[in-house]
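# Commentary on secondary and tertiary structure
Given next are the chains, with one letter for each unit.
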Amino acid sequence: MNLFPFLLLILCLPFGPSLQSIAIGIATFTILIRDRAGLKTLAQKIGRKEGISLGLLLAVIVLPIISTLLNSKNPETDVISFFFGFAPLLIVPILFLIQRPIPREGREKLELVWTFLMIFWAVAALSQHIWGWKIQGVSLVHGDFFKRSQGFYSHPLTLAYVSLMLYPFHLVLLAADFKNWRRIALLLGNLALLYFSASRTAQAVALLATAGFALSYFKGRTRIYLLTAMTVAMIGVFSTPNAISRRFSAMSSGMLSEEKESAYADDRIAFWIVHLNMVKERPILGHGINLDKTYRVPYYDAIGLPGFKKAYEAHNQILQIAAEGGIVAAIAFLAWLVSLHFNWRNGSKNLAFIRDLTLICLFLGGLTQNAYFDGEVRFALMTLLSFLYASGLHSKQAEVRV
């Protein structure tokens, strides 16, 4: 029964916000009802470093709400829904502190479930790539447009960035035990999601993370063999026609964006300029949450893009946070990422690599996408953080091994 809350989070990883919200609610109430006596000592179990991280994340969530209430031009009034959309990343992981730590046998059972889930997820992505389908409401729709896999999410980029968040976990798990078939399946499934979701940024960041990890983790001949294998694989990918080589070839021909509408080399540049101007206009307070297209259009008009169909959000999570909550919120977000590096120092080397590589992937991946604002991405991060707490890593006596 101790595994039940975490099992729920794992099983809902591939699915959208509706099922994930239900899983969060059930897992939360299960822990609160079953282990409510532990709430009395919860504050004592949170270390100083973890407390700093929680405070910084709370600031990232609350500051945009304050900005909303102080900006008369922002018509948004439902700040409660916004708070509860982001609060699970803050609240759910620490709830696992009031549970008994999951023993090694329990972690092995969860890994087995996770493995079959990743296999199922990868098969679904492969089938989308071959036949082109998606779930729309309660219907199954077909078409070549859906051959860029999105799994059970609303967009391929969501699948790409969730798979990027999980990639360091699977990479390090395999490095710790090359002969474990479950871990081989986990990484292969993750690579399938990265490939079929076809995000150049996510693929490039995953490649950088792999190279950096190989150089830092392995020594001697093993490092040489791995780097050689990676080089050969890259030559094979970029010298043959496939989804990755075609998309990266478009970059060298000046087509960074599909269906580019602006005069910029990439439409994202227009997104960045607009949101930088928004930050300049309200640098301290920000403009508030849920800045919809109606709110953004005047800023696109101001840079000479009237009637711009792609008057999108920032496609840069730091800029988006700064536009919504001000520069202080953006600094708090960066400080939160840095603070996580100093947490769980008593863990193994493998867990330290998982932690740091995940933070790097979130930061680098978020330079071209609002990853933090994607509920499914936050759910994946929440699940990983919950794993750390559920494993008892907060305890000074913990000796968690991956």
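Residues numbered from 1 in each chain as written. Predicted model: local features only at pLDDT ≥ 70, side-chain atom pairs only at ≥ 80, totals over all residues. Heavy atoms only, no water.

### Some words on the overall build of the chain
- When helices and strands are tallied, the chain shows 17 helices and two strands.
- For the chain, the C-alpha radius of gyration of 21 Å lies close to 21 Å, the compact-globule estimate for 402 residues.
- Dimensions along the principal axes, computed over C-alpha positions, put the chain at roughly 60 × 55 × 45 Å.
- Among the 402 residues that make up the chain, the fraction classed as buried is 52%.
- Carbon and sulfur atoms make up 67% of the accessible area of the chain, which amounts to about 18,600 Å² in all.
- If you average the places of the 37 positive and of the 23 negative side-chain charges in the chain, the two averages end up 9 Å apart. (Helix = DSSP H or I, 4+ residues; strand = E, 2+ residues; numbered from the N terminus. Rg over C-alpha atoms; globule rule 2.2 N^0.38 Å. Buried < 20%, exposed > 50% of the residue type's maximum accessible area, 1.4 Å probe, protein only. Areas by Shrake-Rupley, 256 points an atom, 1.4 Å probe, with all protein chains shown as cover. Lys, Arg positive; Asp, Glu negative; His and termini not counted. Charge placed at Lys NZ, Arg CZ, Asp CG, Glu CD.)

### A closer look at a nonpolar patch on the surface
- Taken together, I66, L69, L70, I284 and L285 make up a surface patch of nonpolar side chains, about 490 Å² in accessible area.
- Summarising the element assignment, L69 is placed in helix α4 (residues 48-70).
- A residue is classified by how much of its surface remains accessible, and L69, at 60% relative accessible area, is exposed. (Patch = residues over 30% accessible without salt bridge, like charges linked within 9 Å, V, L, I, M, F, W, Y side chains within 5 Å. Salt bridge = Lys/Arg side-chain N within 4 Å of Asp/Glu carboxyl O.)

### Observations regarding the packing of helix α12 (residues 267-281) against helix α13 (residues 293-302)
- Closest axis-to-axis distance for the α12/α13 pair is 10 Å, and the angle between their directions is 100°. The orientation of α12 relative to α13 falls into the category roughly perpendicular. Each of A270, F271, V274, H275, M278 and E281 in α12 lies in contact with α13, whose residues at this interface are Y295, R296, Y299 and Y300.
- The residue makeup of the contact of α12 with α13, split by class, is seven nonpolar, one polar and two charged. (Axes fitted to C-alpha atoms, helices over the stretch in contact; angles between N-to-C directions. Parallel < 35°, antiparallel > 145°, perpendicular 65-115°, else oblique. Contact = heavy atoms within 4.5 Å. Nonpolar A, V, L, I, M, F, W, Y, C, P; charged D, E, K, R; others polar.)

### Here we look at the confidence of the model for the chain
- Averaged over all residues, the pLDDT of the chain is 88; the fraction at 70 or higher stands at 91%.
- Element-level mean pLDDT values for the chain span from 59 in helix α11 (residues 243-252) up to 97 in helix α14 (residues 317-325). (pLDDT = per-residue confidence, 0-100.)

### Comments concerning the pattern of salt bridges
- A complete count under the given rule lists eight salt bridges for this structure.
- Notably, a salt bridge pairs K147 with D144, separated by 3.5 Å at the nearest N-O pair.
- Under the relative-accessibility criterion, K147 is labelled partly exposed at 30%.
- Linking K310 and D267 is a salt bridge whose minimum nitrogen-to-oxygen distance equals 2.8 Å. Taken together, the residues K310 in the loop between α13 and α14 and D267 in helix α12 connect sequence positions 43 residues apart. Taken individually, K310 and D267 each receive the classification buried, so the pair is uniform in this respect.

### Overview of α4
- A rise of 1.5 Å per residue sets the reference length of α4, with its 23 residues, at 33 Å; its end C-alpha atoms lie 32 Å apart and thus fit the reference within 8%.
- Turning to α4, its buried residues number three or more, namely E50, S53, L54, L57, V60, I61, P64, I65, S67 and T68.
- Next to the buried residues of α4 lie α5 (79-95), α14, α15 (327-341) and α17 (375-390). (Expected span 1.5 Å × (residues − 1).)

### A few points about the pairing of strand β1 (residues 133-136)
- Judged from the four bridges that link them, β1 and strand β2 (residues 139-142) form a sheet pairing that is antiparallel. By the bridge assignment for β2, K134 is matched with V141.
- Between β1 and the antiparallel strand that follows it, β2, lie two residues; G137 among them carries a positive phi value of about 70°. (Pairing = 2+ DSSP bridges.)

### Thoughts on the packing of aromatic side chains
- The full count for this structure, using the stated rule, is 29 aromatic pairs.
- Ring-pair connections join several aromatic residues into one group, and the members of that group are F82, F86, F333, W336, Y372 and F373. (Phe/Tyr/Trp six-rings, centres within 6.5 Å; stacked < 30°, edge-to-face > 60°.)

### Some details on unusual backbone geometry
- If you check the backbone angles, A198 has positive phi at about 60° while not being a glycine.
- Counting through the fold element by element, A198 comes out in the loop between α8 (181-197) and α9 (200-217).
- A residue is classified by how much of its surface remains accessible, and A198, at 9% relative accessible area, is buried.
- Phi is positive for H315, close to 55°, though the residue is something other than glycine.
- Considering the arrangement of structural elements, one finds H315 in the loop between α13 and α14.

### Some remarks on the packing of α4 against α15
- Interaxial distance between α4 and α15 falls to 8 Å at its minimum, and their mutual angle equals 155°. In terms of orientation, α4 lies roughly antiparallel with respect to α15. In the packing of α4 onto α15, the handedness of the crossing is left-handed. The residues of α15 that touch α4, namely those facing S53, L56, L57, A59, V60 and L63, are V328, A329, A332, F333, A335, W336, S339 and L340.
- For the contact of α4 with α15, a count of residues per class yields twelve nonpolar, two polar and no charged. (Left-handed = near helix turned anticlockwise from the far one by under 90°.)

### Looking at helix α1 (residues 4-11)
- Looking only at α1, the buried set comprises P5, F6, L8, L9 and I10.
- Structurally, α1 contributes buried residues whose contacts are with α2 (17-34), α5, α6 (104-131) and α17.

### Here we look at the environment of A229
- Here A229 shows up in helix α10 (residues 220-238).
- For the pair A229 and G132, spaced 97 residues apart in sequence, the C-alpha to C-alpha distance is 32 Å.

### Some thoughts on the nonpolar core
- Ranked by size, the top nonpolar core spans 111 residues in total, and within it W114, W121, L164, F213, F333 and Y372 carry the most contacts.
- Among the elements that take part in this core, helix α7 (residues 156-176) stands out by supplying 15 residues, more than any other.
- Those residues in contact with W114 that lie beyond four places of it in its chain are F6, I10, L13, L166, F169, H170, L186, T383 and L384. (Core = buried A, V, L, I, M, F, W, Y, C linked by side-chain atoms within 4.5 Å.)

### Some details on empty space enclosed by the protein
- For the structure on display, the rule yields three cavities of 30 Å³ or more.
- Reported here for the largest cavity is a volume of approximately 190 Å³.
- Looking at the largest cavity, it is lined by 14 residues, and the ones nearest its centre are R355, T358, L384, L385 and L388.
- When contributions to the lining of the largest cavity are tallied by element, the ones reaching two or more residues are α15, α16 (349-365) and α17.
- No other element matches the six residues that α16 contributes to the lining of the largest cavity.
- Each pocket or cavity is described by its volume, and for the second largest cavity that value is around 80 Å³.
- If you trace the second largest cavity, you find 13 residues lining it, with L54, W336, L340, L385 and Y389 closest to the centre.
- Of all the secondary-structure elements, those providing two or more residues to the lining of the second largest cavity are α4, α5, α15 and α17.
- The dominant element in the lining of the second largest cavity, judged by the number of residues it contributes, is α4, at four residues. (1 Å grid on protein atoms, 1.4 Å probe; cavity = no way out; pocket = protein on both sides within 12 Å on 5 of 7 lines; lining within 4 Å. Points joined across faces, edges and corners; volume = space filled by probe spheres on them.)

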